[in-house]
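Chain by chain, the residues run as shown.
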Amino acid sequence: MSTTRIPAQVRDVALRIIERFNQKKLANTGCRYVPRFKGKYLYLDRDDFGSVGPVCRLEYAGGRKGWYFAIYKYSDNRYDPQEWFFPGSERVDGTIEGALEAGMQAYQ
């Protein structure tokens, strides 16, 4: 796996995808995704009526490889890239959109 930071252009595209998802899928719901970047990771938190909590983490794989997904496990207080038994896991497809959809189903 790459240890490369997420390039600025990729970050900009990611922010546009997340904002579009917030506007199209979450408008008037009281919830929205809040992205955070740190090194090679894009953290997707969700703001539900003012309460913000972690949902998942995406690791930048570089180029056309997409993103590696890790769901946040509240039971362990950590991101777990090996956990695939959760509602919405079938939505994970290496894209940001897939991660957003999976997170919505995992933490309704």
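Structure report, in brief. Given the structure is predicted, the values throughout are model-derived calculations rather than measurements.

Bringing the nonpolar core into the picture now. Ranked by size, the top nonpolar core spans 25 residues in total, and within it Tyr33, Leu42, Leu44, Leu58, Phe69, Ile96 and Leu100 carry the most contacts. Put simply, the parts of the chain that give this core at least two residues each are α1 (8-25), β1 (31-38), β2 (41-48), β3 (51-60), β4 (67-73) and α2 (96-106). With five residues, the single largest contributor to this core is α2. In this structure Leu42 touches Ile6, Ala14, Ile18, Pro35, Arg36, Phe37, Cys56, Arg57, Leu58, Trp67 and Ile96, once residues within four positions along its chain are discounted. Within the second largest apolar cluster, five residues are counted, among which are Tyr41, Tyr43, Tyr72 and Tyr79.

With that settled, the discussion passes to unusual backbone geometry. Residues other than glycine seldom take positive phi values, yet Phe49 does so here, at roughly 55 degrees. Inspection of the secondary structure assignment puts Phe49 in the loop between β2 and β3. The phi angle at Asn77 is positive, at roughly 55 degrees, despite the residue not being glycine. Assignment of secondary structure puts Asn77 in the loop between β4 and β5 (78-80). On the accessibility criterion, Asn77 (58% relative accessible area) is exposed.

On to the pairing of β4, then. Burial within β4 is extensive, with six of its seven residues counted as buried. Relative to β4, β3 is paired through five bridges, and the arrangement is antiparallel. Pairing of Glu59 across the sheet is with Tyr68, part of β4.

So, on to α1. Between the first and last C-alpha of α1 there are 25 Å, a value that for 18 residues agrees with the 26 Å anticipated at 1.5 Å per step. Contact partners of the buried residues in α1: β1, β2 and α2.

With that settled, consider the side chain of Lys73. Here Lys73 shows up in strand β4. Judged by relative accessible area, which is 18%, Lys73 ranks as buried. If we ignore the near neighbours within four places in the chain, the residues touching Lys73 are Arg78, Asp80, Glu83 and Tyr107.

About the cut-offs
- Residues numbered from 1 in each chain as written.
- Predicted model: local features only at pLDDT ≥ 70, side-chain atom pairs only at ≥ 80, totals over all residues.
- Heavy atoms only, no water.
- Core = buried A, V, L, I, M, F, W, Y, C linked by side-chain atoms within 4.5 Å.
- Buried < 20%, exposed > 50% of the residue type's maximum accessible area, 1.4 Å probe, protein only.
- Helix = DSSP H or I, 4+ residues; strand = E, 2+ residues; numbered from the N terminus.
- Contact = heavy atoms within 4.5 Å.
- Pairing = 2+ DSSP bridges.
- Expected span 1.5 Å × (residues − 1).

Limitation: the analysis is restricted to geometry and does not speak to function.
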